[in-house]
Amino acid sequence: MRNRRHRSRAAVAMATAVLLGATALTACDASGGDSPAPQGPSAQKPSPKPTPVWDTSPDSLAAVGDSITRGFDACSVLADCPEASWATGTDSEVRSLATRLLGKERAAGHSWNHAKTGARMADLPAQVEQAAVERPELITVMAGANDACRPSVDSMTPVDEFRADFEEAMRTLRRELPKTQVYVTSVPDLKRLWSQGRTNALGKQIWKLGICASMLADPDARDAAATQRRANVQNRVVAYNDVLKDVCAKDLRCRYDGGAVFDYRFDGDQLSRWDWFHPSKDGQSRLAELAYRQVKAKNPKDPGA
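The following paragraphs examine the structure supplied in this document. Along each chain, residues carry numbers from 1 onward, in the same order as the chain's sequence is written. Under the rules for a predicted model, residues below a pLDDT of 70 receive no local features and side-chain atom pairs below 80 are neither given nor counted, while totals for whole chains, interfaces and linings still include all residues. Only hydrogens and water are set aside; all other atoms, that is, all heavy atoms of the structure, feed into the side-chain values.

**As for the overall build of the chain**
Put simply, DSSP marks the helices as runs of H or I at least four residues long and the strands as runs of E at least two long, and each gets a number from the N terminus on. Check the secondary structure of the chain and you find twelve helices and five strands. Classification of the 305 residues of the chain by burial places 46% in the buried group. Two residues form a contact once any of their heavy atoms are found within 4.5 Å. By sequence separation, contacts in the chain at least 24 residues apart represent 74% of the contacts at least 6 residues apart. As presented, the chain carries roughly 16000 Å² of accessible surface, and 52% of it is formed by carbon and sulfur atoms. The cut-offs for exposure are 20% and 50% of the maximum accessible area for each residue type, with area from a 1.4 Å probe on protein chains only; residues under the lower value are buried, those over the upper are exposed, and the others partly exposed. Shrake-Rupley sampling with a 1.4 Å probe provides the accessible areas, and residues are treated as covered by the protein chains on show and by no other component.

**Points about a nonpolar patch on the surface**
A cluster of nonpolar side chains, contributed by Val 77, Leu 78, Leu 209 and Trp 274, occupies part of the molecular surface with about 420 Å² of accessible area. The residue Trp 274 is located in the loop between helix H11 (260–263) and helix H12 (281–296) in this model. With a relative accessible area of 36%, Trp 274 lands in the partly exposed category. The residues that make up patches have over 30% relative accessible area and no salt bridge, and they are joined within 9 Å when like-charged or within 5 Å when they are Val, Leu, Ile, Met, Phe, Trp or Tyr. We count a salt bridge whenever a side-chain nitrogen from Lys or Arg sits within 4 Å of a carboxyl oxygen from Asp or Glu.

**Notes on helix H6 (residues 159–176)**
Here the expected length of a helix is defined as 1.5 Å per residue gap, with one fewer gap than residues. Taking 1.5 Å of rise per residue, the 18 residues of H6 would be expected to cover 26 Å, and the 26 Å separating its terminal C-alpha atoms lies within 8% of that figure. The complete set of buried residues in H6 reads Phe 162, Asp 165, Phe 166, Ala 169, Met 170, Thr 172 and Leu 173. The buried residues of H6 occupy an angular sector of 155° when the element is viewed end-on, so they sit on one face. Seen from the buried face of H6, the exposed residues on the opposite side, beyond 90 degrees, are Asp 160, Arg 171 and Arg 175. Looking at the buried positions of H6, the neighbouring elements they touch are helix H4 (124–132), strand S3 (138–142), helix H5 (145–148), strand S4 (181–184), helix H10 (224–249) and strand S5 (254–256). Throughout, the arc means the angular range of directions from the helix axis out to the C-beta atoms.

**Structural notes on the layout of surface pockets**
Roughly 320 Å³ of volume is contained in the largest pocket. Definitions used throughout: a 1 Å grid over protein atoms alone; a cavity as a set of points that fits a 1.4 Å probe which cannot get out; a pocket as an open set with protein on both sides within 12 Å along at least five of seven lines; a lining residue as one with an atom within 4 Å of a point. Lining the largest pocket are 19 residues, with Asn 146, Ile 211, Cys 212, Phe 277 and His 278 positioned closest to its centre. For this classification, the nonpolar set comprises Ala, Val, Leu, Ile, Met, Phe, Trp, Tyr, Cys and Pro, the charged set comprises Asp, Glu, Lys and Arg, and every other residue, Gly included, is treated as polar. Residues that form the lining of the largest pocket fall into these classes: eleven nonpolar, six polar and two charged. Grid points are joined across faces, edges and corners, and a volume is the space filled by probe spheres set on the points.

**Some words on the pairing of S4**
Here S4 shows two buried faces, one formed by Gln 181 and Tyr 183 and the other by Val 182 and Val 184. Two elements, S3 and S4, share four bridges in a ladder whose sense is parallel. For Thr 140, the partnering residue across the bridge sits in S4 and is Tyr 183. Two strands qualify as a pair provided that DSSP identifies no fewer than 2 bridges between them.

**A closer look at the packing of aromatic side chains**
Ring geometry is summarised as follows: Phe, Tyr and Trp rings, the Trp one being its six-membered ring, pair when their centres sit within 6.5 Å, and such pairs are stacked at plane angles under 30 degrees, edge-to-face over 60 and tilted between the two. Following the criterion strictly, the structure yields two aromatic pairs and no others. Seen in terms of ring centroids, Trp 86 and Tyr 183 are 6.5 Å apart; in terms of plane orientation they differ by 70°. Their pairing is edge-to-face. You can see Trp 86 sitting in the loop between strand S1 (61–65) and helix H2 (97–102) and its partner Tyr 183 sitting in strand S4, a full 97 residues away along the chain. No difference in accessibility class separates Trp 86 from Tyr 183, as the two residues are buried. Between Phe 162 and Tyr 240, the ring centres sit 4.1 Å apart and the planes meet at 10°, which makes this aromatic pair stacked. With Phe 162 in helix H6 and Tyr 240 in helix H10, this pair connects stretches of sequence that are 78 residues apart. Summarising the burial analysis for this pair, Phe 162 and Tyr 240 share the class buried.

**Quick look at the state of the cysteines**
Cysteine pairs can be linked by a disulfide, which is a covalent bond between their two sulfur atoms. The disulfide criterion is simple: two cysteine sulfur atoms within 2.5 Å. Under the definition given, this model contains three disulfides. Covalently, Cys 75 is tied to Cys 81 through a disulfide, its sulfur atoms 1.9 Å apart. Taking the torsion about the S-S bond as the criterion, the Cys 75 to Cys 81 disulfide, at about -65°, is left-handed. A sulfur-sulfur separation of 2.0 Å characterises the disulfide bridge that pairs Cys 248 with Cys 254. Judged by the sign of its S-S torsion, about -110°, the bond between Cys 248 and Cys 254 is left-handed. For the pair formed by Cys 248 and Cys 254, the shared burial category is buried. The connectivity of the disulfide-linked cysteines in the chain, indexed sequentially, is 1-2, 3-4, 5-6.

**Points about empty space enclosed by the protein**
For the structure shown, the criterion picks out three cavities of 30 Å³ or more. There is about 210 Å³ of room inside the largest cavity. Around the largest cavity sit 16 residues that line it, and Pro 188, Phe 266, Leu 271, Pro 279 and Leu 287 are the ones nearest its centre. Where the lining of the largest cavity is concerned, the elements lending two or more residues are helix H7 (190–197) and H12. Each residue belonging to the lining of the largest cavity can be placed in one class, and the counts come to twelve nonpolar, three polar and one charged. Empty space within the second largest cavity amounts to approximately 50 Å³. Elements represented by at least two residues in the lining of the second largest cavity include exactly H4, S3 and H6. With four residues, the top contributor of residues to the lining of the second largest cavity is H6. Partitioning the lining of the second largest cavity into residue classes produces ten nonpolar, no polar and no charged.

Here is the structure:
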């Protein structure tokens, strides 16, 4: 009799233990761990947006882009002058971004200029691939003016092609250098170039050689057709800048200038005396200053930066 009671009590205890173990296992599975499963509104909260990563003191720099970054017409007529480049130049009058960030001595061996006069956005992927060889911590991008500066309005680069080319350049960069930072400038205000340069007789003669004909052809013409032509070019530049901002905003290590170059109210002192289109040394220095402020800013104001 005692043995039967003992066996009965043991059976009950064992069943209870199994039941409790199953209950605990079910609760653990439901929550994915030992803590209770989330309930209420908090369970529906989306993951926070990743915080952009930006080092304000990179120790090497490479530049890609077009004739502005090559310092074209900053020192002599119809010639590159990379020593006067806003990005990587060595001219003390300019005080390039590389000099301001790295110091003169370090900049000499840790900055590289892969920009090409006449380059368009379609040329950027190849330039980025060249720049990747040096493995710079920062790459500057200034491209797009030549996509709008064409022989005619109809030959300007379509916006969707411009976007595809810039996206390809960024993919190339991230494939080669996943952690390199990118500083992207806006395309300059080409209509302001026209309004500033058209008052100079020499400048207008140089423009007849074909410099940015889509905007600068017949600079004194104020008829409806000429006005509409310039407006079309200006609208295309604005669209390009929207692309630069949008694509850059999708990359945690990319910083757009917020339209700083486009908005800068430059005057004749900042334009080359040889073509009244490209930046003079003074203009190159202003570009370097704008870039330095953006690169060093801890919290840039522009949401796309």
